Amino acid sequence: MLLTDVLERNAQLYGGEVCLVGVNPEVKEKREVTWREYELMETNANDFSRREMTWRYFDETANQFANLLLSRGIGKGDKVAILLMNCLEWLPIYFGILKAGAVAVPLNYRYTAEEIEYCLKLSDSRALVFGPEFVGRVESVIDRMPGFDPRFFVGADCPTFAESYSKVIASCYPSPPNVDIREEDDGAIYFSSGTTGFPKAILHSHGSLMSAAITEQAHHGQTREDNFLCIAPLYHTGGKMHWFGSLLSGSKGVLLRGTKPEWILKTVSDEKVTIVWLLVPWVQDILQALDQGDLRLEDYDLSRWRLMHVGAQPVPPSLIRRWLEVFPHHQYDTDYGLTESVGPGCVHLGVENVHKVGAIGIAGYGWQTKIVDDSGTEVKQGEVGELAVKGPGVMKCYYKDPEATAAVLRDGWLLTGDMAYVDEDGFIHLVDRKKDVIISGGENIYPVQVEEFLHHHPDIKDVAVIGLPDRRLGEIAAAIIQLKRGHHTTEEQIAEYCLELPRYKRPRKIIFDTVPRNATGKIDKPALRRKYHTEDLIRTLTES
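Residues numbered from 1 in each chain as written. Predicted model: local features only at pLDDT ≥ 70, side-chain atom pairs only at ≥ 80, totals over all residues. Heavy atoms only, no water.

Colleague: For this particular structure, what's the right way to read the sheet that holds strand 26 (residues 460-470)?
Modeller: Backbone-to-backbone hydrogen bonds pair the strands of a sheet. The strands run either parallel or antiparallel. Pairing is mixed in the open sheet, where three strands are placed in the order 26-27-28. The sheet is open, and its two borders are formed by strand 26 and strand 28 (509-512), each paired with just one other strand. Along the sheet, successive strands turn relative to each other by an average axial angle of 25 degrees, direction set aside. Judged from the four bridges that link them, strand 27 (residues 474-483) and strand 28 form a sheet pairing that is parallel. In the sheet register, I480 faces strand 28, and the bridge partner there is I511. Along the sheet, helix 14 (residues 447-454) contacts strand 26 and strand 27; its crossing angle with strand 26, the most-contacted strand, is approximately 145 degrees. (Pairing = 2+ DSSP bridges. Helix = DSSP H or I, 4+ residues; strand = E, 2+ residues; numbered from the N terminus. Axes fitted to C-alpha atoms, helices over the stretch in contact; angles between N-to-C directions. Contact = heavy atoms within 4.5 Å.)

Below, the structure is given as C-alpha cells:
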C-alpha cells in the first residue's frame, strides 16, 4: 500500500468527515469557511481565520490536480516543485503530484530567489506551484529558465506569468488517474545541504514515504480519536511525516499558522488537539509565558492533549523535566532523524522511556542502528563513533550526485555525520556533529554561506562562523571576524550589514578576533569552538 492508496481508502470510509483544519490567528476578524465555499471564492487562503476540508474533498482535489498535470504532459518521473506557506492547498497538491506518478519537490519558503532557481534546476523541476508570498522571487528568476512551464498560482490576483490554480483544476475530473505507481518509484525530492552549503537534492521512493507513516503510527499509536497539531512547515520532512501517522489512522490534523504560545494553547483547546510536535524554542516560549503569568492553564481546555514530542535539534533534559512538571499527564517522546532517512523516526526515545531523557533513544520501528569508526567498523559500547542507520526510509540517493551518495551510503547503511555513543542500557547519546552545520531553532544554518556573504564587506579580512550553545534555540550562529589592518567597524554596523541575509541566517553574536587557520589553509574551527564554548561557560557560571 502507498500513501495515495491510504488517502483513497480514507475518502471511501470517512468521506464526509473533516480531515484537515487550517487556523490563522493573525486574521483579526473571525472568518470561517468550508473547503467547498472557499473554492468558489477568488481570494487568498490567509484571509480566513479557520478553514476546513473533508477526506472526500482532499482526495478529489488531489485527483483533479493529478489529472491536470497529466493533461499538460507531466507524468511518471517528472518533477513538480511546491513553494507555499502552510495552507490547506499544500497537501492535496502534494498528493496530486504523487497520484500523477510525478515527483514532489517541496521548497523552503525562506529560500532567496537565487536558491529557488538553484533548486529548481538541480531537481530538473518542470513545473511550479507557488503562493502570493513568492511572486517577486519567482518573477525575478523565471526568465532565466526557458521552457519552465506550467506555473500555477495559489491565491487571488494571479500574476501574468502564471495560471490560477483554482480556475484550472475546476474543469478537471475528480476521479483517480490511471497511473501505475510502485513502491520503488521515485516519490519526492527534499533538500538538505553538503559541506559547501549548497543544497543537495535527496530522492525518496514511494515506499520510503509510506514507511514514515508506518513508523510514526507505531511510535505514537494514533487512532481515529486523535487530532494532530502541525505547526512546522510542510516543506520539511519533520511535521509532515508526523502527520503521515494521522493519515494512516484516518484521524484529523490541524495546520496552525504561527508559533506564539497563546496561539498554540488556544488551538489545542479550541480544536481538541491530542498530539503536538514542537521545537525546543516553542517549548521554552510556552513555559516562559506560563511562568511569567502571561498565560494561565485554567483559561484553556487541554484535557484531550495526551502527547508532546520534540525533534529537529538537541533537547535539554531540564527543559523536558520542567514541561512534565507543568503537564504531568503528558506522554513525551524525542524524535531523531534526517532528511536522508525520510525525516524523524529512525531513532526515538519512546514514550515509555522518559526516564532516559537526554538520550536520543533507540532504533525506531523497522530501523537498525550502529556506531562506527572511520573505517566502518562498529565500536564498543560506550565508545564514541559515527551514528549509522538502516531501514525502509533511507533515501535512494542524492539526486545527480553519485560521489556524495557513495560517501554516506554503505551496504544500505546511512552515515548520519553525527557522533554518538551507546550507554549501558542500549540508548544512543549524541556527542557532536561531524559537519559544521548549525541547527538553530530547528533550522539548518550553513556557515559557508554566511562566511561568503561577510567576505564581501570592505572592512573584513577573514571570517569564520561557528555554532555556540543557546538555551532557547539549541545553537546560535557566531561570526568571528578579523578586520583588515587599519580598518574599523562595530558590531552594530556588521549586524546592519547582515540585514540582507534571511533572518534565520543572521549571526546572533559578532566577535572581533583573529581567525586561525591550519597548515593546509583551512579554518581551525575546533579551536574556535573550544575557545568560545569555554568562555561562554565561564560567563554563564559567573553570571549565575
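After that view of the structure, there is still more to cover.
Colleague: What am I meant to see in helix 4 (residues 90-99) here?
Modeller: Along an α-helix, a turn takes 3.6 residues, which lines up residues three or four apart on a common side. Of all 10 residues in helix 4, 10 are buried, a share of seventy percent or more. Looking only at helix 4, the buried set comprises W90, L91, P92, I93, Y94, F95, G96, I97, L98 and K99. At the C-terminal side of helix 4, G101 shows a positive phi close to 80 degrees. (Buried < 20%, exposed > 50% of the residue type's maximum accessible area, 1.4 Å probe, protein only.)

Colleague: Would you mind showing me how to read the nonpolar core here?
Modeller: Soluble, globular proteins show a tendency: their nonpolar side chains are buried together. In this structure, F58, F65, Y94, F95, L107 and L278 are the most contacted members of the largest nonpolar core, which totals 123 residues. Once residues lying within four places of it in the same chain are set aside, the contact partners of F95 are L3, T4, L7, F58, A62, W243, F244 and L247. Listed in part, the 19 residues of the second largest apolar core include Y336, V379, V394 and M395. (Core = buried A, V, L, I, M, F, W, Y, C linked by side-chain atoms within 4.5 Å.)

Colleague: Any chance you could explain the packing of aromatic side chains here in plain terms?
Modeller: A complete count under the given rule lists 16 aromatic pairs for this structure. Among the aromatic side chains, those forming a connected cluster through ring pairs are W55, F58, W90, Y94, F95, W243 and F244. Stacked on the ring of Y504, the Lys or Arg R110 has its end atom at 5.4 Å from the ring centre. The ring of Y398 is capped by K200, whose NZ or CZ atom sits 5.4 Å from the centre of that ring. (Phe/Tyr/Trp six-rings, centres within 6.5 Å; stacked < 30°, edge-to-face > 60°. Lys NZ or Arg CZ within 6 Å of the ring centre and 35° of its normal.)

Colleague: Teacher, can you tell me more about the packing of helix 11 (residues 280-291) against helix 12 (residues 317-326) here?
Modeller: Helix-helix packing is described using two parameters, namely the angle between the two axes and the distance between the axes. Between helix 11 and helix 12, the least distance of the axes is 11 Å, while the angle of their chain directions is 50 degrees. In terms of axis orientation, helix 11 runs oblique to helix 12. You can see that helix 11 and helix 12 cross each other, and the crossing is left-handed. Only L319, R322, W323 and V326 of helix 12 make contact with helix 11, whose side of the interface consists of V280, V283, Q284, I286, L287, L290 and D291. Split by residue class, the contact of helix 11 with helix 12 holds eight nonpolar, one polar and two charged. (Parallel < 35°, antiparallel > 145°, perpendicular 65-115°, else oblique. Left-handed = near helix turned anticlockwise from the far one by under 90°. Nonpolar A, V, L, I, M, F, W, Y, C, P; charged D, E, K, R; others polar.)

Colleague: I would appreciate a short explanation of the pattern of salt bridges in the present structure.
Modeller: Once their charged atoms are close, side chains differing in charge can pair, the charge on each being opposite to the other. One pass over the structure, following the stated rule, counts 28 salt bridges. With a shortest N-O distance of 3.1 Å, D78 and R126 are connected by a salt bridge. Of the two residues, D78 is situated in the loop between helix 3 (55-71) and strand 4 (79-83) and R126 in strand 6 (residues 125-130); the sequence distance between them amounts to 48 residues. For R126, a relative accessible area of 32% translates into the label partly exposed. The salt bridge partner of R322 is E325, with a shortest N-O separation of 3.2 Å. A residue pair is termed a helical-turn pair when its members lie 3 or 4 positions apart in one helix, as R322 and E325 do in helix 12 at three residues. Assessed through its relative accessible area of 33%, R322 is described here as partly exposed. For E325, a relative accessible area of 57% puts it in the exposed group. Each of E8, D59 and K99 takes part in one network of salt bridges that share partners. (Salt bridge = Lys/Arg side-chain N within 4 Å of Asp/Glu carboxyl O.)

Colleague: What am I meant to see in the confidence of the model for the chain here?
Modeller: Fine structural detail should not be taken from predicted coordinates in areas where pLDDT scores are low. Averaged over the chain, the pLDDT score is 90; the fraction of residues at 70 or greater is 91%. Low pLDDT, under 50, characterises residues 540-544; the predicted model gives this stretch one contact beyond four residues in sequence or across chains. (pLDDT = per-residue confidence, 0-100.)

Colleague: In this structure, what is going on with the environment of A477? I would like to understand it.
Modeller: Within the secondary structure, A477 sits in strand 27. As for A477 and K509, which are separated by 32 residues in sequence, their C-alpha atoms are 6.6 Å apart. With near-sequence residues (within four places) excluded, A477 lies in contact with I438, I445, V465, I466, P507, R508 and K509.

Colleague: For this particular structure, what's the right way to read the side chain of S205?
Modeller: By the secondary structure assignment, S205 is in strand 10 (residues 199-205). The buried category is assigned to S205, whose relative accessible area is 13%. Residues within four places of S205 in sequence aside, it is in contact with E183, E184, D185, D186, G187 and K396.

Colleague: Looking at this structure, I do not really get the environment of A62. What am I missing?
Modeller: Turning to its location among the elements, A62 is positioned in helix 3. Taking the C-alpha atoms as reference points, A62 and R9, separated by 53 residues in sequence, lie 14 Å from one another. Sequence-distant contacts of A62, that is, excluding residues within four places in its chain, are made with L7, P92, F95, G96 and K99.

Colleague: Just to check I follow, could you spell out the side chain of Q284 for this structure?
Modeller: Within the fold, Q284 resides in helix 11. Since its relative accessible area comes to 14%, Q284 is described here as buried.

Colleague: Help me understand the state of the cysteines, please; the structure alone is not making it clear to me.
Modeller: Two cysteines whose sulfur atoms are joined by a covalent bond form what is called a disulfide. Tallied over the entire structure, the rule returns zero disulfides. The closest cysteine sulfur to the non-disulfide-bonded C119 is located on C397, 16 Å from its own sulfur. (Disulfide = S-S within 2.5 Å.)

Colleague: Any chance you could explain unusual backbone geometry here in plain terms?
Modeller: Comment: phi is negative for the bulk of residues other than glycine, and the bulk of peptide bonds are trans. Backbone torsion omega between D149 and P150 reads 10 degrees, so that peptide bond is classified as cis. Checked against the element boundaries, P150 lands in the loop between helix 6 (135-142) and strand 7 (151-153). With a phi close to 60 degrees, K400 is a non-glycine residue in the positive phi region. Positionally, K400 belongs in the loop between strand 20 (397-398) and helix 13 (402-408). Positive phi, close to 55 degrees, is recorded for D411, a residue that is not glycine. Turning to its location among the elements, D411 is positioned in the loop between strand 21 (409-410) and strand 22 (413-422).

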